[in-house]
Amino acid sequence: MDFEYTQEQLAVREAARDFASTQLLPGVIERDIAATFPKELILQMGEMGFLGMMSSPEYGGGGMDTISYVLAMEEISKIDASAAVIMSVNNSLVCWGLEKYGNDQQKQQYLIPLASGKSLGAFALSEPEAGSDATSQKTTATHMGDHYLLNGTKNWITNGNTADIYLVIAQTDSTKGHHGISVFIVEKGWPGFEIGKKEDKMGIRASDTHSLMFSDVKIPKENRIGDLGFGFKFAMETLNGGRIGIAAQALGLASGAFERSLQYARERYTFGKPISEHQAIQFKLADMDMEIEIARLICMKAAKTKDMGKDYSKLSAMAKLYASKVAMETTTEAVQIHGGYGYVREYHVERMMRDAKITQIYEGTSEIQKIVISRSLLR
Ligand code: CAA
Ligand code: FAD
């Protein structure tokens, strides 16, 4: 495995780092407090190519590899994990799935605006009673000849109110289990499509999370992606890549909190010396750095394996499981190293600790990642 990044990958990392520190950092605390979606900043990210990084240039994307995507996600997440999840959903759950499995008409109509950042996408799999147990879909899409009628409720949808285009997973034949689930492209504003209230969250508060309600929403049959019954496989394949994005988000939260802790430990004096000279603090820093390094290696291995066209489902689950654990532990230790200052907003690490928790829940909880890993071992 090559441990050197290419010039192109380094340039992407630099651009993301620069954007995060100059544009995202000012206002990140206020957006967290007020739960304000960073609309203008997301538009800027689209213009810079961060919303369709891996999509082909033919469809408005950046044509970059997954390593570049992980590097950019890490840098954005170091500063603003809310902006990072908005970016991750559009890149890996929406653009990737559309490019891989959509037909040319769907790509022309939907992928080009999504990958070029002119539109924003959402991915709607979860329901009130179908989160981890994703095959228990209750939302139905009934075939009516030249269209489908969509009915049901989706829960917890990231970019729920800010998206323009939604990939919606629904039952088309409940007698066929997960082979009776299909996936559709739905546009905001179609009659019968309502957006529920915004969730008031512990973390990633500047990303908007909503339920979606569908009541006889008419979807043209041309908006089904892939074959009838392909929707569950589509969701699983898409999530394999999405989990690399969330692993990178977790990595960024961990490395951002670590960098702040390292600096703070040098500046804060107790008992006549910087706290970095107390061995208890040194050992925390050593553990944090080592765990981040391991998390980065596994994220990069998953990304590289995807770029090589090999099966990366187990590695992406491992990357998300490990990096999210490291994010939670590292951000918690970062608060500890900051003492009382860590408990107030001004020092950022309390937000990072709240933001880190979600990385162990969405795109499959940690328990579900263990199911994915163990099934891959035992099948
Ligand atoms: N990659 C490819 N295919 C997969 C797969 C994977 N990782 N996991 C399962 N499959 C396939 C299986 O091969 C099987 O296909 P066949 O029958 O054709 O062989 C099919 O899916 C069903 O698999 P299982 O029998 O294992 O299904 P299950 O019901 O026992 O459980 C599960 C599957 C892995 C637990 C799945 O339900 C799951 O991943 N749940 C978590 C859902 C999730 O991650 N939701 C995230 C929502 S999006 C989100 O959260 C976005 C965000 O926050 C920003
Ligand atoms: P449950 O499935 O009810 O799980 C509850 C607990 O039981 C968990 O600890 C879980 O690990 C455990 N558990 C469940 N089954 C098992 C098992 N078989 N073995 C062991 N333990 C098990 N979904 C989307 O589709 N699109 C989105 O954009 C999206 N964004 C989200 C954003 C946020 C902020 C949040 C909170 C969620 C989002 N989700 C999204 C939904 C997310 O993917 C689900 O919340 C997650 O998959 C867990 O489902 P659940 O909440 O129903 O928990």
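Conventions and cut-offs
- Residues numbered from 1 in each chain as written.
- Chains lettered and ligands numbered in written order.
- Predicted model: local features only at pLDDT ≥ 70, side-chain atom pairs only at ≥ 80, totals over all residues.
- Heavy atoms only, no water.
- UniProt positions renumbered as here; feature names shortened; annotations may be inferred.
- Helix = DSSP H or I, 4+ residues; strand = E, 2+ residues; numbered from the N terminus.
- Rg over C-alpha atoms; globule rule 2.2 N^0.38 Å.
- Buried < 20%, exposed > 50% of the residue type's maximum accessible area, 1.4 Å probe, protein only.
- Contact = heavy atoms within 4.5 Å.
- Core = buried A, V, L, I, M, F, W, Y, C linked by side-chain atoms within 4.5 Å.
- Near = heavy atom within 4 Å.
- Polar contact = N/O pair within 3.5 Å; in protein donor to acceptor, adjacent residues only side chain to side chain.
- Areas by Shrake-Rupley, 256 points an atom, 1.4 Å probe, with all protein chains shown as cover.
- Nonpolar A, V, L, I, M, F, W, Y, C, P; charged D, E, K, R; others polar.
- Pairing = 2+ DSSP bridges.
- Domains from an automatic or database assignment.
- Axes fitted to C-alpha atoms, helices over the stretch in contact; angles between N-to-C directions.
- Left-handed = near helix turned anticlockwise from the far one by under 90°.
- Buried area = accessible area lost by both parts, 1.4 Å probe.
- Salt bridge = Lys/Arg side-chain N within 4 Å of Asp/Glu carboxyl O.

For the protein chain, an unreviewed UniProt entry supplies the name Acyl-CoA dehydrogenase and the organism Cyclobacterium plantarum. Turning to the protein chain, the UniProt annotation filed under Sequence similarities (unreviewed entry) states: "Belongs to the acyl-CoA dehydrogenase family." Taken from UniProt, the Cofactor (unreviewed entry) comment for the protein chain reads in full: "FAD".

Chemist: So what exactly am I meant to see when it comes to the overall build of the protein chain here?
Modeler: Tallying secondary structure elements over the protein chain gives eleven helices and ten strands in all. Taking 379 residues into account, the globule formula puts the C-alpha radius of gyration at 21 Å, and the protein chain, at 21 Å, falls close to it. Counting across all 379 residues of the protein chain, residues that qualify as buried make up 56%. Taking contacts inside the protein chain between residues at least 6 apart in sequence as the whole, the part at least 24 apart equals 73%.

Chemist: Explain the nonpolar core here, please?
Modeler: In a soluble, globular protein the nonpolar side chains are often hidden away together inside. Residues Ile76, Met87, Phe123, Leu150 and Val186 are the most contacted members of the largest nonpolar core, which totals 110 residues. No other element matches helix H7 (residues 231-267), which puts 16 residues into this core. If we skip the residues at most four places from it in the chain, valine 186 touches Leu150, Asp164, Ile165, Tyr166, Val168, Phe193, Phe214 and Ile219.

Chemist: Got a minute to help me understand the site of ligand 1 in this structure?
Modeler: The immediate surroundings of ligand 1 are formed by 26 residues, with His178, Arg243, Tyr362, Glu363 and Arg375 found nearest. The separation between a nitrogen atom of ligand 1 and a polar main-chain atom of serine 132 is 2.9 Å. Relative to its unbound accessible surface of 1,100 Å², ligand 1 loses 75% to contact with the protein. If you list the elements that add at least two residues to the shell around ligand 1, you get helix H5 (81-101), H7 and helix H11 (366-378). Per-element accounting of the shell around ligand 1 gives the leading share, seven residues, to H7. Grouping the amino acids of the shell around ligand 1 by side-chain chemistry returns twelve nonpolar, nine polar and five charged.

Chemist: Would you mind showing me how to read the UniProt feature "domain: Acyl-CoA oxidase/dehydrogenase middle" (unreviewed entry) in the protein chain here?
Modeler: Residues annotated by UniProt as "domain: Acyl-CoA oxidase/dehydrogenase middle" (unreviewed entry) correspond here to residues 122-217. End C-alpha atoms of residues 122-217 are separated by 17 Å, and the span's content is 0% helix alongside 50% strand.

Chemist: Can you walk me through the side chain of serine 116 in this structure?
Modeler: Within the secondary structure layout, serine 116 lies in the loop between helix H6 (104-115) and strand E1 (121-124). Of note is the side chain of serine 116, whose polar atom sits 2.7 Å from the backbone oxygen of isoleucine 112. A polar contact is formed between the side chain of serine 116 and the backbone oxygen of proline 113, at a distance of 3.4 Å. In contact with serine 116, not counting residues within four places along its chain, are Gly46, Gly60 and Leu111.

Chemist: How do you make sense of the pairing of strand E2 (residues 140-143) when you look at a structure like this?
Modeler: Two faces, one strand: in a regular strand the side chains alternate between the faces of the sheet. Two elements, E2 and strand E3 (residues 147-158), share four bridges in a ladder whose sense is antiparallel. Bridge assignment links alanine 141 to a residue of E3, and that residue is leucine 150. Hairpin remark: E2 followed by E3, antiparallel, with three residues in the connecting loop; positive phi at glycine 145, about 95 degrees.

Chemist: How should the site of ligand 2 be read in this particular structure?
Modeler: What surrounds ligand 2 is a group of 19 residues, the closest being Ser126, Ser132, Trp156, Thr365 and Glu367. A distance of 2.7 Å is found between a nitrogen atom of ligand 2 and a backbone nitrogen or oxygen belonging to tryptophan 156. Within the complex, 64% of the 970 Å² of free accessible area of ligand 2 lies under protein. Sorting the residues of the shell around ligand 2 by element identifies E1, E3 and H11 as the ones contributing at least two each. If you tally residues by element for the shell around ligand 2, the top one is E3, at three residues. Grouping the amino acids of the shell around ligand 2 by side-chain chemistry returns ten nonpolar, six polar and three charged. In terms of domain composition, the shell around ligand 2 takes at least three residues from each of domain 2 (121-231) and domain 3 (233-378).

Chemist: What is the right way to look at the packing of helix H9 (residues 313-338) against H11 in this model?
Modeler: Helix-helix packing is described using two parameters, namely the angle between the two axes and the distance between the axes. Axis separation between H9 and H11 bottoms out at 9 Å; the angle between their running directions is 145 degrees. Note on packing geometry: the crossing formed by H9 with H11 is left-handed. For the pair formed by H9 and H11, the contact residues are Ser313, Lys314, Ala317, Met318, Lys320, Leu321 and Ser324 on the first element and Ser366, Gln369, Lys370, Val372, Ile373, Ser376 and Leu377 on the second. Per-class residue counts for the contact of H9 with H11 are six nonpolar, five polar and three charged.

Chemist: What am I meant to see in the domain arrangement of the protein chain here?
Modeler: You'll often see interface size given as the accessible area lost when the parts meet. Its domain assignment divides the protein chain into domain 1 (7-115), domain 2 (121-231) and domain 3 (233-378). Placing the centre of domain 1 and that of domain 2 at their C-alpha centroids yields a distance of 22 Å. On the domain 2 side, the residues contacting the 22 residues of domain 1 number 23 residues. Around 1,900 Å² of area is buried between domain 1 and domain 2 when both sides are counted, 65% of it from carbon and sulfur atoms. In terms of surface lost to domain 2, no three residues of domain 1 exceed Phe37, Gln106 and Tyr110, which account for 27% of the buried area on that side. Applying the counting rule to domain 1 against domain 2 returns zero salt bridges. Between the two partners, domain 1 and domain 2, sit nine residue pairs in polar contact (both at pLDDT 80 or more). Broken down by secondary-structure element, the contributors of at least two residues to the side of domain 1 that touches domain 2 are helix H2 (28-34), H5 and H6. The element best represented in the side of domain 1 that touches domain 2 is H5, accounting for ten residues. The class makeup of the residues in the side of domain 1 that touches domain 2 is 14 nonpolar, six polar and two charged.

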